[in-house]
Amino acid sequence: MTTAINVLQALLLILGAPLVTGIVGKIKAAIQRRQGASIWRPYAEIAKLFRKEDLVPPSASWVFRFAPKVLFATAVCAVAFVPVLQPSALLGSRGDFFFLVYLLALGRFFLSLGALDGGSAFGGMGASRDALISTLAEAPFLLGLVAVSIMSAHADIPGIVMWTLQRNVFDISAVHILAFTSLAMVVLAETGRMPVDNPTTHLELTMIHEGMVLEYSGPSLALVEWASAIKLHAMLALLISLFGPWGMASTVSVWGIAAALLLYLAKLTALMILLALVESVVAKLRMYLVPDFLGVASAVSALAVIFTTLVKR
Amino acid sequence: MGLVAIATAKFLGSFSVFLFLTVLLMVVARRISTSVLLFSLQSAIITAEVFAMGVREKLAAAYVVGALVLLIKVIAIPYAFFRLVDRLKSPRDVKASTTPTQSVFIAGAMIYLSYAAVHSFGQTVHVPEDALAAAVALILTGSFLMVSRKKALMQMLGLLVLENGIFLAALITTFGMPLVIEIGIFFDILVGLLLMGIFTFRIRDTFDHLDVSKLRRLRG
Amino acid sequence: MQVVSIQVAFGFLLASLGLLAPLVLIASRTKRVRAFAIALIVGSNVVGCFVAGLCFWGESKLALSFSRFTPFPFALALDKLSAFFLLLICAVTVPVALFAAAYFDRHYDGQRCKWAWAFSSLFLLSMIVVVTASTGFAFLVGWELMTLVSAGLILMEGDSSERRHNVFVYLLMMHAGAAAVVASFFLFLPYSHSLDFAGIRAAGAVVPAGTRVVIFLLAFVGFGTKAGIIPLHLWLPRAHPIAPSPVSALMSGVMLKTAVYGFVRFAFDFLAGGPSWFGYVVLVAGAVSGLLGVLYAIAEHDLKRLLAYHSVENIGIIYLGLGTSLVFLANHAPVLAALALIAALLHTFNHALFKSLLFLGAGAISNATHTVDLEELGGLQRRMPVTGTAFLIGCCSIVGLPLFNGFISEWLTFRSFLAGSVLMSTKAQIVLPLMVGVLALIGGLAAACFVKVFGVAFLGRPRSREAENAVEAPRLMRGGMTMLAAACLLIGILPGILLRPLASLTQVLIPGAGVPDEIVSIARIIPWIAAIILGVTALTALFRRVQRMAPTWGCGLSQLTSRMQYTSTAFSKPIRFVFSSVYKPDRTLDKLPADDPYFPVSISYRSVRTTSYEKALYRPFVDRILSLAHQLRRLQTGNIQVYLLYIFLTLVALLAFLRFQR
């Protein structure tokens, strides 16, 4: 029964991902006093792309065609580590957050290769800038997760969630605040959101992720877009489960799961509003200021780790 | 009434965390107005701390002191700063001499140092360690701001943060100083700020800039 | 019976590599005889794999003694640690030898070819002697032979003065390291009365603390020079790129590992750990080597130099694991120490596999295009599909991506860092988890570097005529690379094969260690992850849509040339900019004509990166030694009577010493 709920969690993260992107876009439009596209638009877009044909540059090799599939597969595999409705996940095991980070890195690696395979300067530029950002974002990502893991004395995400469930929300520890700050900054960098990257633009001056996928079309582009949405959804779900999991079902019952789902949607909405606010208020950082941004994230996450020795566990 | 007691107890236990956050944010802030806002936030947290202590220790003087801090440090001084920035018409940049990453690391080292220092005499004096470490960290941050920011306005702000730290330290160790001393300190600060404000205008009029690193005639 | 047959097999391995193959090769006139000798080398290594496998996976032991024929005790033995490294050597040699069979044929003429093979055979023998030695004399003989033969192999490529200078630096540093190793062996003598490993192990318990520190530091410096830790790494980027590719593969993949073997022997077997600062020194050395190695690699566009710097980085990662293990040992946590040691040893094996694969790939590229400069390559994947795919597997492995073998050892290293938080010592509680950040940064930089390498060399459009006309590598070369790639994938998906015997190995080295359960958990999870990823990929691949060729989007330009792609230097520019305090290039900008700078006819820009170690660290040291030598020269007056005076004075001194000794 637990496994069935875990599969349900994974499906929720995968299938609900385009809706998350749609809602964030709608909130941003509301802030900008526009009507904006419907929240179901990303689904229509993915469906439309699946019906179109795949355009392949003549210089491309199998890596170009293969990269979106690997990106999608790693995103799907990554959601198997995130608990949503109950404190357990399909592949939850000791040391699983290293798997999570490196699976996302695998997807990014192949996407960069696919970008270079297009043989254009856009792909090279996007891949080169993305290489810089993902390099600098890995350390704070892992350090933030390590800090939280040390505090809870568990090395697996479900274990951390169970430990947090037993604590009081008012017992805020400095470690958790610092880890949340650095992880939030990393989420912005890894998913290509403002202020690191603009997900809605296709100008070469401002694009990093969009530059890498410029050559893709049809089903490949659909897979890439879906994979980015899944990544965003999974990371938001990860933040919720690590820092605010109260409400997760501790016993497997229909009412418990339904309540957990409603609470999760409420927390997710709060995070989405926050994300949309940040994206609308903050200007995009100049490319060479992003290392400063991620440097602050690294320093804060390193502080979080150091603080685990100061705060009584 | 029980809820208020619980809330104050929780707050007293965890407010140092928020002070550390303001310390970190202050060292990476790039604009003067952001730093002033953070200072105001810091003073607000300290005001809340004063009130919470008043509730817990049932001291009437604490409410007076809290009101004074609220009036002067949360409202009046930041307002004066904003007015000053407007009238000086100088660039709003903080002109830091360290990059944000370096600043955060230095801030981290300062916080660690303050914890280490407090831990070493925490055995003799019965004080909450977190809060005292926060106070020492504020003192160090104020000094760091004065040293690493080249704008004259930031020197003033650094001094104010320093004074925040001293005030907090005194508050924790003595559970509220006698009222007279508090008021005396406030007046000292006010007069000092007034003088600094006047001098800032004089500096700007004489040198046409407010970059402290260029003022090098203090030699024999 | 089994013992005897193992001894016979091992003896066959030694004899064929040491005597039969070189002799046959030197005497050979025809290609067929040479092919027989090569087959002998390959065959004996396969036998060696079996021997090592029996001792590593099984419980066999082996001991061979040649002391009757040598002035000092010369004996070889296979315990689990030696068997592991023997397996490493033989398993890597088989594919490399297959590759070299095709490579040397095309690269050298007949005379040089047979000498190259003879030297390679001796090189392999020397490395096998080093890892199976059970007396100090055998170890040092093998050590010295390794250095000399590899120098000879490098000089086979050519004779230019630059090459000779590089070989000179290589020999110099290797001998300095060897001196330190010899000294550390000899420091055991007063306590063990012989250089037999068993005796040294027993003496390790009674050596006083001060001597232990000196032994440790000497072993660290001596083996570190051979392994290539910063700042003792100067010879690596000089020597590895100029050797022929199969030899580079052996040097980088296998020879560096003998240094790791030596250090593990000393630190864990002979000294049985030490105070925790031993571990911190190794940890810091590993972190510095890892970071600086990969930063220097990113700035390179010569493929072989880039790979040489990556060897420095991976040795750094191995040392991170070793240092962590020593720290755990000092803090009385044997299970965690075993975990870290398993991580380090597994990374040693993995690195041997994927680094050899990458160097063989570089050899295939240079065979097809006669260049290893990344700026001249491009589009090779379509022209050399098998080479490209194997090279891609090597790239994914070295970056440490899941499903490939590099990930397993990096994951284990991460887990051991995380476990550092349960120790009592505050220093360990802070330093070890922070090393997670260091290793993550190293991994991220390596990923960026290999996206650049594979993307610029194999993907996109060819940047030169040679790259356009590249053809796929010959069958033997492909076979060698495919074997290594398959091994990388196998260990990446089924790591239990190596992890379980490594756990029993560490139980011998570290008394009191059980089997860490991370071994079990990762062996259980990785196949699931592989299944999910491969399943989803297959699912999406089934979804076939019409594919149409369309030109690359060129922003409206119709003719996109290959010069409009990103070059290797351009790709690494953002990272080099951010880490610019590490690189201090000498930049010169010339505008022609010089007297009319506003209307230049041509502008030339040159940026040469020099590492600062030579100027800051080595130059003063070398200058001081040279000036000392210069002053000592005054003793050499040339006058025969002065020399007779020296002899007379020595005689007097000896007599006085005898007199006053009473």
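Residues numbered from 1 in each chain as written. Chains lettered and ligands numbered in written order. Predicted model: local features only at pLDDT ≥ 70, side-chain atom pairs only at ≥ 80, totals over all residues. Heavy atoms only, no water.

A. View of the overall build of chain C. Each helix and strand counted, chain C has 25 helices and 5 strands in total. Taken against the 2.2 N^0.38 rule, which gives 26 Å for 662 residues, the C-alpha radius of gyration of chain C at 27 Å falls within 12% of a compact globule. Considering only C-alpha atoms, chain C reaches an extent of 100 × 70 × 65 Å along its principal axes. Across the 662 residues in chain C, those meeting the buried criterion constitute 58%. Taking as baseline every contact in chain C between residues at least 6 positions apart, the subset at least 24 positions apart corresponds to 78%. Counting only carbon and sulfur atoms, one obtains 67% of the accessible surface of chain C, whose full area is about 26,900 Å². One way to put it: in chain C the 51 positive side-chain charges average out to a point 4 Å from where the 28 negative ones average out. (Helix = DSSP H or I, 4+ residues; strand = E, 2+ residues; numbered from the N terminus. Rg over C-alpha atoms; globule rule 2.2 N^0.38 Å. Buried < 20%, exposed > 50% of the residue type's maximum accessible area, 1.4 Å probe, protein only. Contact = heavy atoms within 4.5 Å. Areas by Shrake-Rupley, 256 points an atom, 1.4 Å probe, with all protein chains shown as cover. Lys, Arg positive; Asp, Glu negative; His and termini not counted. Charge placed at Lys NZ, Arg CZ, Asp CG, Glu CD.)

B. The arrangement of the packing of aromatic side chains in detail. Overall, the coordinates contain 56 aromatic pairs over all chains when judged by the stated rule. Their ring planes at 50 degrees and their centres at 5.8 Å tell us that Tyr102 of chain A and Phe407 of chain C sit as a pair that is tilted. In this pair, Tyr102 of chain A sits in helix α5 (residues 96–117) while Phe407 of chain C sits in helix α17 (residues 405–419), so the two residues belong to two different chains. Phe407 of chain C shares its class with Tyr102 of chain A; the two are buried. (Phe/Tyr/Trp six-rings, centres within 6.5 Å; stacked < 30°, edge-to-face > 60°.)

C. Broad picture of the pattern of salt bridges. Throughout the structure, instances matching the rule amount to 16 salt bridges over all chains. Arg193 of chain A is the salt-bridge partner of Glu279 of chain A, the closest N and O atoms lying 2.8 Å from each other. With Glu279 of chain A in helix α11 (residues 254–281) and Arg193 of chain A in the loop between α8 (174–190) and α9 (209–212), this residue pair connects regions lying 86 residues apart in the sequence. For Glu279 of chain A, a relative accessible area of 4% translates into the label buried. A salt bridge links Arg265 of chain C to Asp79 of chain C; its shortest N-O distance comes to 3.0 Å. In this pair, Arg265 of chain C is assigned in helix α11 (residues 245–270) and Asp79 of chain C in the loop between β2 (75–78) and α3 (80–107), connecting sequence segments 186 residues apart. (Salt bridge = Lys/Arg side-chain N within 4 Å of Asp/Glu carboxyl O.)

D. View of the interface of chain C and chain A. Counting residues at the interface gives 73 residues for chain C, matched by 73 residues for chain A. Carbon and sulfur atoms supply 76% of the area that chain C and chain A bury against each other, a total of about 6,400 Å² over both sides. Ranking the residues of chain C by area buried against chain A places Leu418, Arg548 and Tyr566 of chain C at the top, with a combined share of 9%. If you look at where chain C meets chain A, you find 1 salt bridge. The salt bridge involving Arg548 of chain C is made with Glu53 of chain A; its shortest N-O contact spans 2.8 Å. Our count for the chain C to chain A interface comes out at 10 residue pairs in polar contact (both at pLDDT 80 or more). Only α15 (380–383), α16 (385–399), α17, α18 (426–458), α22 (517–542), β3 (547–549) and α23 (568–578) of chain C provide two or more residues apiece to the side of chain C that touches chain A. Ranked by residues supplied to the side of chain C that touches chain A, first place goes to α18 of chain C with 18 residues. (Buried area = accessible area lost by both parts, 1.4 Å probe. Polar contact = N/O pair within 3.5 Å; in protein donor to acceptor, adjacent residues only side chain to side chain.)

E. Looking closely at a nonpolar patch on the surface. All names here are of chain C. A cluster of nonpolar side chains, Leu628, Leu632, Leu635, Tyr643, Leu645, Tyr646, Phe648, Leu649 and Val652, forms an exposed patch at the surface whose accessible area comes to about 850 Å². Those elements giving two or more residues to the nonpolar patch turn out to be α24 (612–632) and α25 (640–661). Of all the elements, α25 adds the most residues to the nonpolar patch, at 6 residues. With respect to the helices and strands, Phe648 occurs in helix α25. Judged by relative accessible area, Phe648 falls into the exposed class, the value being 51%. (Patch = residues over 30% accessible without salt bridge, like charges linked within 9 Å, V, L, I, M, F, W, Y side chains within 5 Å.)

F. Focus on the side chain of Ser421 of chain C. All names here are of chain C. Among the secondary structure elements, Ser421 is positioned in the loop between α17 and α18. Take Ser421: its relative accessible area is 9%, and that puts it in the buried class. Here Leu418 takes part through its backbone oxygen, which lies 2.9 Å from a polar atom of the side chain of Ser421.

G. Local environment of the domain arrangement of chain C. Each domain of chain C was delimited in the assignment, giving domain 1 (273–536 + 567–578) and domain 2 (612–661). Summarising the inter-unit geometry, the C-alpha centres of domain 1 of chain C and domain 2 of chain C are found 47 Å apart. (Domains from an automatic or database assignment.)

H. A look at α18 of chain C. Residues and elements named next belong to chain C. The end-to-end C-alpha distance of α18, which contains 33 residues, comes to 48 Å, matching closely the 48 Å that a straight helix rising 1.5 Å per residue would cover. Counting buried residues in α18 gives 28 out of 33 residues, a clear majority hidden from the surface. Remark: Gly460 follows α18 within two positions and exhibits a positive phi of approximately 80 degrees. (Expected span 1.5 Å × (residues − 1).)

I. Main features of the packing of α5 of chain A against α18 of chain C. Closest axis-to-axis distance for the α5 of chain A/α18 of chain C pair is 9 Å, and the angle between their directions is 20 degrees. Judged by the inter-axis angle, α5 of chain A sits roughly parallel to α18 of chain C. At the point where α5 of chain A passes α18 of chain C, the crossing takes the right-handed sense. Packed against α5 of chain A, whose contacting residues are Phe98, Tyr102, Phe109, Ser112, Leu113 and Leu116 of chain A, the element α18 of chain C presents Val436, Ala440, Gly443, Ala447, Phe450, Val451, Phe454 and Gly455 of chain C at the interface. Classifying every residue of the contact of α5 of chain A with α18 of chain C by side-chain character gives 11 nonpolar, 3 polar and no charged. (Axes fitted to C-alpha atoms, helices over the stretch in contact; angles between N-to-C directions. Parallel < 35°, antiparallel > 145°, perpendicular 65-115°, else oblique. Left-handed = near helix turned anticlockwise from the far one by under 90°. Nonpolar A, V, L, I, M, F, W, Y, C, P; charged D, E, K, R; others polar.)

J. Looking closely at the environment of Leu15 of chain A. Residues and elements named next belong to chain A. For Leu15, the position within the fold is in helix α1 (residues 2–15). Since its relative accessible area comes to 47%, Leu15 is described here as partly exposed. Placed 214 residues apart in sequence, Leu15 and Ala229 show a C-alpha to C-alpha distance of 9.7 Å. When near neighbours in sequence (up to four residues on either side) are disregarded, Leu15 contacts Tyr43 and Trp226.

K. Region of the structure containing the confidence of the model for chain C. On average, chain C scores 87 in pLDDT, and the residues at 70 or more come to 98%. The complex prediction reports pTM at 0.89, with the ipTM value standing at 0.94. (pLDDT = per-residue confidence, 0-100.)

L. Focus on unusual backbone geometry. Across the junction of Met194 of chain A and Pro195 of chain A, the peptide omega takes the value 0 degrees, indicating a cis bond. Locating Pro195 of chain A in the fold gives a position in the loop between α8 and α9. Omega for the peptide link from Ile230 of chain C to Pro231 of chain C comes to 5 degrees, which places this bond in the cis form. Assignment of secondary structure puts Pro231 of chain C in the loop between α9 (209–227) and α10 (236–239). Phi at His193 of chain C is positive, roughly 60 degrees, even though this residue is not glycine. Mapped onto the secondary structure, His193 of chain C falls in the loop between α7 (189–192) and α8 (197–203). With a phi close to 60 degrees, His370 of chain C is a non-glycine residue in the positive phi region. Inspection of the secondary structure puts His370 of chain C in the loop between α14 (334–369) and α15. Among the residues examined, His370 of chain C registers a relative accessible area of 68% and is labelled exposed.

M. Summary view of the packing of α5 of chain A against α22 of chain C. Orientation of α5 of chain A relative to α22 of chain C, taken along the N-to-C sense of each, is 35 degrees, at an axis distance of 13 Å. The chirality of how α5 of chain A crosses α22 of chain C is right-handed. Residues Phe99, Leu103 and Leu106 of chain A of α5 of chain A pack against Ile522, Ile525, Ile526, Ile529 and Ile533 of chain C of α22 of chain C.

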